[in-house]
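# Residue-level structure breakdown
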Amino acid sequence: MLRTACHDWHAAHGGRMVDFAGWHMPVQYTTIVEEHHAVRRAAGLFDITHMGRLKFSGPDACACLDRLLTNDVAQLQIGQIRYSLVCHERGGILDDVLVYRFSEHYLLVVNASNRLKIIEWVEAHIGGCDVHFEDQTFDHFMCAIQGPKAIDILHPLVDSHDIRETAYYWGAEGSALNVPALISRTGYTGEDGFEIVLPVEHGPRLWETLIDRGREHGLLPAGLGCRDTLRLEAAMPLYGHEMDEAVDPYTAGLAFGVKLQKVADFIGKEALVAAKAREDRPKRVGLELAGRRIAREGALLFAGDRAIGKITSGTFSPTLEKPIAMGFVPAEFSQPGTPLEVDVRGKREPAKVVPLPFYKRG
C-alpha cells in the first residue's frame, strides 16, 4: 500500500491504519465521536495526501479543462477554486473534483479512488491541445485543518499572506514555515478551515508543528472515520455512494456544479441537457430515523409496502445525537416531513424526510 509522509507518525500515535483506495491511512486515533466533536468545537487535522493532484499548464490548459469539466473554468479568477464534475458522454459522473486557477497553471484535485481512472480519461481526451499534464500526487504532502479554531492555529505559520482575508473557495501560492505552499480555504467537513499542499519532504514538520500549536486550542488528529460523519452531517455527497458512473449530476443534487450555458462545450453536455429536462428523476433526500438503529448503505426505503429507494450513506450523527442518512426517492416522496420506513437488517424502522444539510455552521 502507498504511504503518506506522515505514515510513521500516525502509526506511532495510535492511528488505526486501514487500506483506503490503495493507501495505508488512519481511520481514527481515539474515537470517531471524540474526533468529530473536536472538529465541530475546536479543530481537527487530517492527512489527505491520498487525494490526487493533477497539474495542467500551457496555452490550452483552460480550454482543455473546460472540455473535461462541467463547471465554467474560463470564468475562474486567479486564486479561485470551483467544485466540478467529470462526466462521460452519457452524463454519468466519473469523479467530483476541485479545480484551482493560478497565474501559470491549473490544479485538479481528484478522489484517491478515481485518480488513475481520471488520468486515463485526461490522456485520452487532450489530444490536439497544447497542454502539459502532470500527476503531482507523490511530490507533495496535503493536509486539512478544519474547525472554528483552525484559522487561529494556522495563521501564525503562514509567512506569505494574511489567510484571515482569504475567502471561502479561494487559495494562494504562498509559504508556510518558510516553505513554498498552496493554502486554500476549502474542506470536506461543513466547518471553516484550510487545506495545505507543500513538498512532500516538509510534510512531517508541518504536521507536527500544527499538532503542537493546536494542542492548546483543543485540536486533535482526525481520521477517515470522522471525516465521513462530518461530511454526511453537512450533506456532502461521496463518490461511490451518492454518485457514480450511472448517476448524472442533476439526479445527485449537484446542479450547482454544472454550467450548461458556458461558452465551451464539454463532454456529456448533450446528455446533461436531457437529464435536466427529465421530470421523473429520483431526488437525493435527507432522512432522520426515529430510533437508535443506523441505516447503512443499500438499506431499502419503503412507503407502506412499496419499496421506493435505497440508502446511499448512513451514520449516527454525533452532533445531532440521532441516526441520519441520505438516499434517493421518487420526487413525490421527497418533501420534508414525509414519513417513510427503512429496512434495517430485516426490521422496518420509522424515518422521515428532512431538509439538507443536517448541520450548518453558524
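Residues numbered from 1 in each chain as written. Predicted model: local features only at pLDDT ≥ 70, side-chain atom pairs only at ≥ 80, totals over all residues. Heavy atoms only, no water.

On to the side chain of D192. Within the element layout of this structure, D192 appears in the loop between β11 (179-184) and β12 (193-199). Under the relative-accessibility criterion, D192 is labelled buried at 19%. A distance of 2.7 Å separates polar atoms of two side chains, one belonging to D192 and the other to R185. Excluding residues within four positions of it along the chain, D192 makes contact with Q146, G147, A150, R185 and R361. (Helix = DSSP H or I, 4+ residues; strand = E, 2+ residues; numbered from the N terminus. Buried < 20%, exposed > 50% of the residue type's maximum accessible area, 1.4 Å probe, protein only. Polar contact = N/O pair within 3.5 Å; in protein donor to acceptor, adjacent residues only side chain to side chain. Contact = heavy atoms within 4.5 Å.)

Turning to the pairing of β12, a few remarks are in order. Within β12, six of the seven residues are buried, which leaves it mostly tucked inside the rest of the structure. Here seven bridges tie strand β9 (residues 140-146) to β12, and the two strands are oriented antiparallel to one another. Looking at β12, one finds that I145 is bridged to F194. Direction of pairing for β11 relative to β12: antiparallel, over a ladder of three bridges. Across the sheet, S184 pairs through a bridge with E195, a residue of β12. (Pairing = 2+ DSSP bridges.)

With that out of the way, let us pick up the sheet that holds strand β14 (residues 283-289). In spatial order, the strands read β14-β17-β16-β15-β18-β19; together these six strands close into a barrel with antiparallel pairing. Neighbour to neighbour, the strand axes of the sheet diverge by 45° on average, direction disregarded. In this structure, strand β15 (residues 300-303) lies alongside strand β16 (residues 306-317), joined through four bridges in antiparallel fashion. The residue of β16 that forms the bridge with L300 is K310. Contacts between helix α7 (residues 224-233) and the sheet are confined to β16 and β17 (322-329), with β16 contributing the most and set at about 125° to the helix. (Axes fitted to C-alpha atoms, helices over the stretch in contact; angles between N-to-C directions.)

Relative to the assigned elements, S175 resides in strand β10 (residues 171-176). Residues S175 and Q136, spaced 39 residues apart in sequence, show a C-alpha to C-alpha distance of 18 Å. Beyond its immediate sequence surroundings of up to four residues, S175 is in contact with L157, V158, D159, S160, P180, A181 and I183.

A full pass over the atoms with the stated rule returns 15 salt bridges. The network of salt bridges with shared partners includes R40, E191 and E233. (Salt bridge = Lys/Arg side-chain N within 4 Å of Asp/Glu carboxyl O.)

Further remarks concern the side chain of Q146. Looking at where Q146 falls in the secondary structure, it is placed in strand β9. Given the relative accessible area of 0%, Q146 is considered buried. Within polar-contact distance, the side chain of Q146 engages the backbone oxygen of T186 at 3.0 Å.

Before going further, it helps to examine helix α6 (residues 203-214). Given a rise of 1.5 Å per residue, 12 residues ought to cover 16 Å, and the 16 Å separating the end C-alpha atoms of α6 matches this to within 8%. Among all positions of α6, only G203, L206, W207, L210, I211 and G214 are buried. In an axial view of α6, the angular spread of the buried residues amounts to 130°, which keeps them on one side of the axis. Against the buried residues of α6 lie α1 (7-12), β3 (43-47), β9, α5 (150-154), β12 and β13 (219-221). (Expected span 1.5 Å × (residues − 1). Arc of directions from axis to C-beta.)

At their nearest, the axes of helix α2 (residues 32-41) and α7 sit 8 Å apart, and the two run at 55° to each other. For the element pair α2 / α7, the angle class is oblique. Here α2 and α7 pass one another in a crossing that is right-handed. Of the residues in α7, those in contact with I32, E35, H36, V39 and R40 of α2 are G225, C226, T229, L230 and E233. (Parallel < 35°, antiparallel > 145°, perpendicular 65-115°, else oblique. Left-handed = near helix turned anticlockwise from the far one by under 90°.)

Right, let's get into the pairing of β15. Adjacent in sequence and paired antiparallel, β15 and β16 are bridged by two residues, among which G304 carries a positive phi angle near 65°. Across two bridges, β15 lies against strand β18 (residues 339-344) in antiparallel orientation. Across the sheet, the residue bridging to L301 is V342, located in β18.

Geometry only, nothing functional implied.
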